[in-house]
Amino acid sequence: NTAGAIALARVCAAQKIGLICFSSDLVFDGKNREKPYLESDETAPLNAYGASKAAMEQGVFGEFPGALIVRTSAFWSPHDEWNFVTQSLDALARGETVCCADDVHITPTYVPELTKNCLDLALDGESGMWHLACRGAVSWHEFARESAQFLGVSTERLNAVSHRELGSHRVPFFVRWEASRACCFRIGMIAWKITAPKSAAKSNFRQFQPFKKIFRL
């Protein structure tokens, strides 16, 4: 998370090659915070992962001030079988019990749309720190429930629990970015529920390999 990105930044700076690095909302601990974080806010990592990302940010800008670093939140994609959505739905489809925190709220960020926005920034020659995430917020439990209901997977064995029961941390208030430079986009599970017939959206998801596994296609 740190050394590789810094080494790459050094090479890109020397060769005058554009660079995009990805960081995380976990560079903030969310303590005593009632409003969204801005790009200019001082970091205070929530955990070891967040600390590695904060060190990466500092090191990359030290080597290459013209780099573009994007902080994002809870990203997911139907192309990936290891993210929260595919793992949760696969477990539910197998009849397993799935426990998700109902007191931790996140912004599920759709990777294809995140990628598109990052490429737009790169083509425009942007640099510096940017916060990119979808709009809105849900708990992990709500995210799993809405995903399952949307795709016709039973939620009978989906349980809502406290984050303490799972041994996890509360995440910072990363939702609904309000920085003037922030680029929020609305797409993904909730948007598709509004803009596309359920059957069409379900068919769109089922074409991807991770969902073929879930639906036993």
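Keep in mind that what you see is a predicted model, and the values were worked out from it rather than measured.

So, on to the overall build of the protein. Of regular secondary structure, the protein possesses eight helices and 10 strands. Scored against the burial criterion, the 217 residues of the protein give a buried share of 45%. Considering only contacts within the protein whose residues lie at least 6 apart along the sequence, 80% involve residues at least 24 apart. Surface summary for the protein: the accessible area is close to 11,100 Å², and the carbon and sulfur share equals 51%.

Let us look at the packing of aromatic side chains. Taken as a whole and judged by the stated rule, the model has four aromatic pairs. Taking 6.2 Å as the distance between ring centres and 70° as the angle between the ring planes, the aromatic pair formed by W76 and F143 counts as edge-to-face. Taken together, the residues W76 in strand β3 (residues 75-76) and F143 in helix α5 (residues 140-150) connect sequence positions 67 residues apart. Centre to centre, the rings of F84 and W140 are 4.7 Å apart; their planes meet at 55°, and the pair counts as tilted. With a gap of 56 residues between them, F84 in helix α3 (residues 84-93) and W140 in helix α5 connect regions that are remote in the sequence. Among the residues examined, W140 registers a relative accessible area of 22% and is labelled partly exposed. Grouping aromatic residues by their ring pairs yields a cluster made of W76, F84, Y110, W140 and F143.

Buried together is how nonpolar side chains tend to be arranged in soluble globular proteins. Ranked by size, the top nonpolar core spans 19 residues in total, and within it L89, L92, V98, F143 and L158 carry the most contacts. Listing elements by their share of this core, those giving two or more residues are α3, β4 (98-101) and α5. Setting aside its immediate chain neighbours within four residues, F143 contacts W76, F84, V85, I106, P108 and V138. Among the nonpolar cores identified, the runner-up in size contains 12 residues, and A5, M56, I69 and M129 belong to it.

Viewed as axis vectors pointing N to C, helix α1 (residues 3-15) and helix α2 (residues 48-63) meet at an angle of 15°, and their least axial separation amounts to 8 Å. The angle between the axes of α1 and α2 places the two elements in the roughly parallel class. In the packing of α1 onto α2, the handedness of the crossing is right-handed. Contacts between α1 and α2 involve A5, I6, A9, R10 and A13 on the former and, on the latter, A55, M56, G59, V60 and E63. Class assignment for the residues of the contact of α1 with α2 results in seven nonpolar, one polar and two charged.

Moving on, we get to the environment of E96. Residue placement: E96 occurs in the loop between α3 and β4. For the pair formed by E96 and R157, sequence separation is 61 residues and the distance between their alpha carbons is 6.7 Å. Excluding anything up to four places from it in sequence, E96 contacts A91 and R157. In terms of polar contacts, E96 uses its side chain to reach the side chain of R94, at 2.9 Å.

Taken as a whole and assessed by the stated rule, the structure comprises five salt bridges. For E63, the salt bridge identified is with R10, shortest N-O distance 3.3 Å. With a gap of 53 residues between them, E63 in helix α2 and R10 in helix α1 connect regions that are remote in the sequence. Under the relative-accessibility criterion, E63 is labelled partly exposed at 30%. For R10, a relative accessible area of 42% corresponds to the partly exposed category. Here E113 makes a salt bridge to K116, at a shortest N to O gap of 3.5 Å.

Cut-offs used in this document
- Residues numbered from 1 in each chain as written.
- Predicted model: local features only at pLDDT ≥ 70, side-chain atom pairs only at ≥ 80, totals over all residues.
- Heavy atoms only, no water.
- Helix = DSSP H or I, 4+ residues; strand = E, 2+ residues; numbered from the N terminus.
- Buried < 20%, exposed > 50% of the residue type's maximum accessible area, 1.4 Å probe, protein only.
- Contact = heavy atoms within 4.5 Å.
- Areas by Shrake-Rupley, 256 points an atom, 1.4 Å probe, with all protein chains shown as cover.
- Phe/Tyr/Trp six-rings, centres within 6.5 Å; stacked < 30°, edge-to-face > 60°.
- Core = buried A, V, L, I, M, F, W, Y, C linked by side-chain atoms within 4.5 Å.
- Axes fitted to C-alpha atoms, helices over the stretch in contact; angles between N-to-C directions.
- Parallel < 35°, antiparallel > 145°, perpendicular 65-115°, else oblique.
- Left-handed = near helix turned anticlockwise from the far one by under 90°.
- Nonpolar A, V, L, I, M, F, W, Y, C, P; charged D, E, K, R; others polar.
- Polar contact = N/O pair within 3.5 Å; in protein donor to acceptor, adjacent residues only side chain to side chain.
- Salt bridge = Lys/Arg side-chain N within 4 Å of Asp/Glu carboxyl O.

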